[in-house]
Amino acid sequence: MILLISLVIGFSVIALFPTFSDAQSEPKTFVTHSGAIVQTSGEIIDPLYTVSTVDFDPMEYLRDFNYGQVSELPDGTVVREFTIIAEDDKIMEVSPGVFYNVWTFNGTVPGPTIRATEGDLLRINFINNGSKEHTMHFHGIHQAEMDGVFEPVGGNGGQFLYEFEAGPVGVHPYHCHVMPLEEHIVHGLYGVFIVDPKEERQPADEMVMVLNGLDTDFDTENNFYAANTIPFYYQHHPIQINTNELIRVYVVNMVEFDPINNFHLHGNLYKYYPTGTDLVPSFYTDMITLSQTERGIMEFEYNYPGKYLFHAHKVEFSEKGWIGIFLVNENSKKNTQELDRGT
Ligand SMILES: [Cu+2]
């Protein structure tokens, strides 16, 4: 009987905290895919004493675009100012009972989606309230000293003003570029930077999906995968869209450790604009493959209502969380128009 009780207790503990059974608690040296030798800080979180300090709503993040505080220079140039604060002590419940030390830009993973029009002047007041050095490195075109690589910003209040012209048109990642880079990225210091063309794209229901992985036991392999950080979120909370309405998804792959990721859409195909730099799509497909920081814009419309999956066709990733559902509703606007026309 005692043996039975101990077995039940033992299995309950394992079931409650499965991902912490082999956590690393010491600094660890490892060789990255590029051959570099890096060392982790070895910080781990004990789930027994953890409370989430992050408030993140993937549904809100999906369609939340930050255009900054707008002003104009005498020559007519639009200036967009942002304040981005880095922290590295937040705890997030990434899955029920699984707590993870996230490193954040403005409190969440991913950080805010920064959006501007080509040619705008961006002023990003970066404040590092973390305990380690951090930076902001934008993909795109800018001066060397604005690249966020050779100008580490010290923790506990260090500041840096990134100032550059928005460009080129497209969707780009930004991320911290302090070594060991893999560690700073997998903990969550990244976000999306959208540069709109001066002549606006066609109106659409627009959304951002950052494909990410979570290495919750620090063994340099991902334990969870997701679109927008929370595994299985959009499967449990389907993204509601309408029939006959253009959907535009800005997708960025930030998964570390695994060389590739991919994006498969059910019951439809999408036009795909790699990096979003060209206004003419390169592919019409239901599957794209993305390497680290590879990104692009997907455009599609559903004709038939119902539930459609979207997920990694690398099945391991979808089974560990990178899967979601589009719930396509009949477009009431179109129906109204049809009624007007008497059809
Ligand atoms: Cu960093």
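This text goes with the structure placed above it.
Rules behind the numbers
- Residues numbered from 1 in each chain as written.
- Predicted model: local features only at pLDDT ≥ 70, side-chain atom pairs only at ≥ 80, totals over all residues.
- Heavy atoms only, no water.
- Donors = N, O, S within 2.8 Å, 3.2 Å for Na, K, Ca; no water.
- Buried < 20%, exposed > 50% of the residue type's maximum accessible area, 1.4 Å probe, protein only.
- Pairing = 2+ DSSP bridges.
- Helix = DSSP H or I, 4+ residues; strand = E, 2+ residues; numbered from the N terminus.
- Axes fitted to C-alpha atoms, helices over the stretch in contact; angles between N-to-C directions.
- Contact = heavy atoms within 4.5 Å.
- Polar contact = N/O pair within 3.5 Å; in protein donor to acceptor, adjacent residues only side chain to side chain.
- Phe/Tyr/Trp six-rings, centres within 6.5 Å; stacked < 30°, edge-to-face > 60°.
- Lys NZ or Arg CZ within 6 Å of the ring centre and 35° of its normal.
- Core = buried A, V, L, I, M, F, W, Y, C linked by side-chain atoms within 4.5 Å.

1. Let's talk about the coordination of the copper ion
Reasoning step 1: Those protein atoms acting as donors to the copper ion are His134 (ND1), Cys176 (SG) and His184 (ND1), and they sit at 1.9 to 2.1 Å.
Reasoning step 2: Spacing between the donor residues of the copper ion along the chain follows H-x41-C-x7-H. Assigned by exposure class, Cys176 and His184 land together as buried.

2. Notes on the sheet that holds strand β15 (residues 247–253)
Reasoning step 1: If you walk across this open sheet you meet the 6 strands as β13-β12-β15-β20-β17-β18, and the pairing is mixed. Of all the strands in the sheet, just β13 (224–227) and β18 (283–285) have a single pairing partner and so form its edges. Averaged over all pairs of adjacent strands, the angle between their axes in this sheet comes to 25°, without regard to strand direction.
Reasoning step 2: Inspection of the sheet shows strand β12 (residues 205–214) paired to β15 by 7 bridges, in the parallel sense. By the bridge assignment for β15, Val208 is matched with Tyr250.

3. What about the environment of Asn156?
Reasoning step 1: Tracing the backbone shows Asn156 in the loop between β8 (137–138) and β9 (158–165).
Reasoning step 2: Measuring from C-alpha to C-alpha, the distance between Asn156 and Gly130 comes to 5.7 Å, with 26 residues separating the pair along the chain.
Reasoning step 3: Setting aside residues no more than four positions away along its own chain, Asn156 makes contact with Asn128, Asn129, Gly130 and Ser131.

4. What about the side chain of Asp215?
Reasoning step 1: Mapped onto the fold, Asp215 is located in the loop between β12 and β13.
Reasoning step 2: Of the residues examined, Asp215 reaches a relative accessible area of 4% and is grouped as buried.
Reasoning step 3: Here the side chain of Asp215 touches Phe218 through a polar contact of 3.0 Å, landing on its backbone nitrogen.
Reasoning step 4: Once residues lying within four places of it in the same chain are set aside, the contact partners of Asp215 are Tyr100, Thr220, Glu221, Asn222, Asn223 and Phe257.

5. Comments concerning the packing of aromatic side chains
Reasoning step 1: For the coordinates displayed, the defined rule picks out 22 aromatic pairs.
Reasoning step 2: Aromatic pair Tyr100 and Phe218: ring centres 6.3 Å apart, planes at 35°, arrangement tilted. Of the two residues, Tyr100 is situated in strand β5 (residues 98–105) and Phe218 in the loop between β12 and β13; the sequence distance between them amounts to 118 residues. Each member of the pair Tyr100 and Phe218 is classed as buried.
Reasoning step 3: We note Arg115 situated over the ring of Phe65; from NZ or CZ to the ring centre the distance is 4.6 Å.

6. What about the pairing of strand β3 (residues 69–72)?
Looking along a regular strand, one sees side chains alternate from face to face of the sheet.
Reasoning step 1: Where β3 meets strand β4 (residues 78–95), 4 bridges bridge the pair, whose relative direction is antiparallel. Bridge pairing in β4 links Glu72 to Val78.
Reasoning step 2: In this antiparallel pair of consecutive strands, β3 and β4, the connection spans 5 residues, and Gly76 shows a positive phi of 95°.

7. Observations regarding the nonpolar core
Reasoning step 1: Among the nonpolar cores identified, the biggest contains 58 residues, and Met209, Phe263, Phe300 and Phe326 are the most heavily contacted of them.
Reasoning step 2: A total of 6 residues in this core trace back to one element, the largest contributor, which is β12.
Reasoning step 3: Apart from the residues within four sequence positions on either side, Phe300 is in contact with Ile241, Glu245, Leu246, Ile247, Val249, Leu265, Asn268, Leu269, Tyr270 and Phe326.

8. Describing unusual backbone geometry
Reasoning step 1: In this chain, Val109 is followed by Pro110 through a cis amide linkage whose omega measures -5°.
Reasoning step 2: Examined against the element boundaries, Pro110 turns out to sit in the loop between β5 and β6 (114–117).
Reasoning step 3: A cis geometry characterises the amide bond from Met179 onward to Pro180, with omega recorded as -5°.
Reasoning step 4: Among the structural elements, Pro180 can be located in the loop between β10 (170–175) and α3 (181–186).
Reasoning step 5: With a phi close to 55°, Asn106 is a non-glycine residue in the positive phi region.

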